[in-house]
Amino acid sequence: MRLRNVPGAREHLAESPWVIQEPQEQKGRWREVFGNDHPLRLEIGSGKGRFIVQLAAENPDVNYIGMDRYSSVLVRALAKQEEALLPNLRFLCYDAELLGSVFEKGELDRIYLNFSDPWPKERHARRRLPSKEFLRLYDTLLSPEGTVEFKTDNRTLFDFAVGEVEAGGFVIDALTYNLHRDPVMNEGNIMTEYEEKFSVKGNPICKYVISRRTGNISE
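Residues numbered from 1 in each chain as written. Predicted model: local features only at pLDDT ≥ 70, side-chain atom pairs only at ≥ 80, totals over all residues. Heavy atoms only, no water.

Enquirer: Looking at this structure, I do not really get the environment of Val73. What am I missing?
Expert: Positionally, Val73 belongs in helix H4 (residues 71-84). With 75 residues separating them along the chain, Val73 and Val148 place their C-alpha atoms 23 Å apart. (Helix = DSSP H or I, 4+ residues; strand = E, 2+ residues; numbered from the N terminus.)

If you want it as structure tokens, here you go:
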């Protein structure tokens, strides 16, 4: 489910200093964008931005990028940043399939996937962000100790994602089928807007943390 079109969203993003307009030009140069050598972490599908803005506020020594392909969605996240003015947060209006043109090998140390589009039709399986095809892409962009964190209330999508981990070149570090009742994995959890909505309805939230398998060819 996507937000309705927001008039002027594209123009607003184009004028904002918090949105990177030509991200391909920053490939391998993200330290220069932020002016430091702090770890760089990416959320794919930032939605209204609650998660990434709060995360950046709580971790000033980490650089964050919030990305969404839809301007009418991303502009809501940008509004939060325009109030917070966090120096360690930037945004991209970009397609995840093209991440290889934006980040250099090993440039990221963590990727967050929160309540991603389930693409329910089987013929669209490769478009799912936790698919083995995307995991192989993430594998090339993450540092040797890099991780992916994935949360969803969609059990079908989560079961699919778990089944893709090994083929994607990763191993499971932690997994739960009911995040909010897991005292270990829920510690420090930041809820997204969707997470709060689904939790109120009683939907259990699934989450995994996976890391790159040592000795991958991409290393």
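Enquirer: Explanation requested: the pattern of salt bridges in the structure shown.
Expert: Working definition: two side chains of opposite charge can pair if their charged atoms are close together. One pass over the full model with this rule turns up 13 salt bridges. A salt bridge links Glu149 to Arg110, with the nearest nitrogen and oxygen atoms 3.9 Å apart. Pair noted here: Glu149 is in strand S5 (residues 142-152) and Arg110 is in strand S4 (residues 108-114), with a separation of 39 residues, a long-range link. By relative accessible area, Arg110 is classed as partly exposed at 23%. Connected via shared salt-bridge partners are Arg126, Lys132, Glu133 and Glu164. (Salt bridge = Lys/Arg side-chain N within 4 Å of Asp/Glu carboxyl O. Buried < 20%, exposed > 50% of the residue type's maximum accessible area, 1.4 Å probe, protein only.)

Enquirer: Would you take a moment to explain the pairing of S4 for this structure?
Expert: Sheet faces and side chains relate simply in a regular strand, where the side chains alternate between the two faces. The buried fraction of S4 is high, at five of seven residues. Sheet analysis places strand S1 (residues 40-44) next to S4, joined by four bridges and oriented parallel. The residue bridging Leu42 from the neighbouring strand is Ile111, located in S4. Here S4 pairs with S5 via six bridges, running parallel. Bridge assignment links Tyr112 to a residue of S5, and that residue is Glu149. (Pairing = 2+ DSSP bridges.)

Enquirer: Is there a simple way to think about the sheet that holds strand S7 (residues 206-212) in this case?
Expert: Strand pairing in a sheet takes place through backbone hydrogen bonds and is either antiparallel or parallel in direction. Overall, mixed pairing links the seven strands, which are arranged S3-S2-S1-S4-S5-S7-S6 in an open sheet. Since the sheet does not close on itself, it has two edges, and those belong to strand S3 (89-93) and strand S6 (170-176), each with one partner. For this sheet the average axis-to-axis angle between neighbouring strands, irrespective of direction, equals 20 degrees. Bridge count for S6 against S7 is six bridges, and the pairing is antiparallel. Its bridge partner being in S7, Val171 is matched across the sheet by Ser211. Most of the contacts of helix H5 (residues 132-141) go to S5, to which it runs at about 140 degrees, and overall it touches S1, S4, S5, S6 and S7. On the sheet, helix H6 (residues 155-164) packs against S5, S6 and S7 and is oriented at approximately 20 degrees with respect to S7. (Axes fitted to C-alpha atoms, helices over the stretch in contact; angles between N-to-C directions. Contact = heavy atoms within 4.5 Å.)

Enquirer: Please explain unusual backbone geometry as it appears in this structure.
Expert: Working note: non-glycine residues mostly have negative phi, and peptide bonds are mostly trans. One non-glycine residue, Leu85, lies in positive phi territory at about 55 degrees. A positive phi angle, close to 40 degrees, is found at Trp119, a residue other than glycine. As for its position among the elements, Trp119 is in the loop between S4 and H5.

Enquirer: Where do I start with the packing of aromatic side chains in this structure?
Expert: By convention here, two paired aromatic rings are described through the distance between centres and the angle between planes. Enumeration according to the criterion identifies nine aromatic pairs in this entry. Within the aromatic cluster, the residues linked to one another by ring pairs are Phe150, Phe158, Tyr177 and Tyr208. (Phe/Tyr/Trp six-rings, centres within 6.5 Å; stacked < 30°, edge-to-face > 60°.)

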